[in-house]
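# Geometric and topological summary
The primary structure of each chain is shown beneath.
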Amino acid sequence: MHRRMTSRRRSATTATVFTALLAALVAAPAAAATYSLANGQVSIVFSWNHAGLSRNSGRIVGVDGVLEFEPTQADASRLEVSIDPARISTGVTALDRLLRSADFFDAAANPAIAFRSTSITATGERTGEVTGDLTIRGVMRPVTLAVTWNFTGEHPLGLVNPSFAGKFVSGFSATGRLLRSEWGLGQGAPLISDEVQIAIEAEVVRR
């Protein structure tokens, strides 16, 4: 009788330990994969209202940074971006020169525009919001981007192009808006709109 009771207690203890371990595994946060922005294809397009005549735009390429992304657990993700203002291009040489000058981004004295996420939340199965601090010329202000997650997996073009074979990638589209005057860049407003709209397309490669 005593042996049967001891055996039952051991079985109950084993079951309790197993249940606790299983619960811990289920509750454990998923490990986010790390992606390089520099090795991918990232394009940032910004546009503004030009005196009510049209929307003018510029483009930034050569973006650097790191993304930690976990599709099933958005709050485990993290984003850090560095942008060289000298890489801004509007297609108008005189405007490019002005934007890089001390009157605007002052690229010589401030060679990096930085963004660091402070919160990443899911709003749907493939949508989310990324809020973070955007620093321009030493001025830090919060910005929120609406993000769509397009894809994660082996690069689809790997089937037809050997240069993409074996690459694990994720793709995103994002939009946002900001008031440039909040960073001390309000020259020309309101004739040239204070509001700037942002559109981002990103294909990033897992490290």
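Heads up: these notes are all about the structure in this document. Remember, predicted model here, so these are calculated numbers, not experimental data.

## What to know about the overall build of the chain
The helix and strand tally for the chain stands at 2 helices and 10 strands. Looking at the chain residue by residue over its 207 residues, the buried ones come to 32%. A separation threshold of at least 6 residues defines the contact pool for the chain, and within that pool the share at least 24 residues apart is 54%. Counting every atom, the chain has about 12,500 Å² of accessible surface; 58% of that belongs to carbon and sulfur.

## Here's the deal with a nonpolar patch on the surface
Residues Leu157, Leu159 and Val160 make up a contiguous nonpolar surface patch of about 360 Å² in total accessible area. When you line up the elements, Leu157 lands in the loop between β8 (139-154) and β9 (168-179). Judged by relative accessible area, Leu157 falls into the partly exposed class, the value being 40%.

## What to know about the pairing of strand β1 (residues 33-50)
Pairing analysis gives 4 bridges linking β1 to strand β3 (residues 64-69), with the strands arranged antiparallel. Looking across to β3, one finds that Tyr35 is bridged to Leu67. Pairing of β1 with strand β10 (residues 195-206) involves 9 bridges; the strand directions are antiparallel. Bridged to Ser36 within β10 is Val205. Connecting β1 to the next strand, strand β2 (residues 54-60), in antiparallel fashion are 3 residues, including Ala51 with a positive phi near 55°.

## Section: the nonpolar core
Core analysis: the largest hydrophobic core is formed by 38 residues, its most contacted members being Leu37, Val63, Leu67, Phe105 and Leu134. If you list the elements that add at least two residues to this core, you get β1, β3, β4 (78-83), β6 (113-122), β7 (127-136), β8, β9 and β10. The dominant element in this core, judged by the number of residues it contributes, is β1, at 6 residues. Dropping the residues within four chain positions of it, Phe105 is found in contact with Pro85, Ile88, Leu99, Asn110, Ile113, Ile136, Arg137 and Leu185.

## Structural notes on the pattern of salt bridges
Under the defined criterion, the tally for this structure stands at 4 salt bridges. For Arg78, the salt bridge is made with Glu68, and the minimal N-O distance between the two is 2.9 Å. Pair noted here: Arg78 is in strand β4 and Glu68 is in strand β3, with a separation of 10 residues, a long-range link. The salt bridge partner of Glu80 is Arg116, with a shortest N-O separation of 3.4 Å. Separated by 36 residues along the polypeptide, Glu80 in strand β4 and Arg116 in strand β6 bring together distant segments of the chain. When salt bridges that share partners are traced, they join Glu68, Arg78, Glu80 and Arg116 into one network.

How each quantity is defined
- All residue numbers refer to position in the chain's written sequence, counted from 1.
- For this predicted model, a pLDDT threshold of at least 70 governs which residues receive local features, and a threshold of 80 or more governs which side-chain atom pairs are given and counted, while totals over whole chains, interfaces and linings are taken from all residues.
- As a rule here, side-chain values come from all non-hydrogen atoms in the structure, and water together with hydrogens is ignored.
- Elements are defined by DSSP. Helices are runs of H or I of four residues or more, strands are runs of E of two residues or more, and each kind is numbered from the N terminus.
- Working definition: with a 1.4 Å probe on protein chains only, accessible area under 20% of the residue-type maximum means buried, over 50% means exposed, and in between means partly exposed.
- Residues count as neighbours in contact if any of their non-hydrogen atoms are within 4.5 Å of one another.
- Areas reported as accessible are Shrake-Rupley estimates using a 1.4 Å probe. Residue values count occlusion only from the protein chains shown.
- Patch building starts from residues that exceed 30% relative accessible area and form no salt bridge, then joins like charges within 9 Å and nonpolar side chains (Val, Leu, Ile, Met, Phe, Trp, Tyr) within 5 Å.
- Any carboxyl oxygen of Asp or Glu within 4 Å of a side-chain nitrogen of Lys or Arg constitutes a salt bridge here.
- For two strands to be treated as a pair, DSSP must find at least two bridges joining them.
- Put simply, a nonpolar core is a bunch of buried Ala, Val, Leu, Ile, Met, Phe, Trp, Tyr and Cys residues held in one set by side-chain atoms that sit within 4.5 Å of each other.

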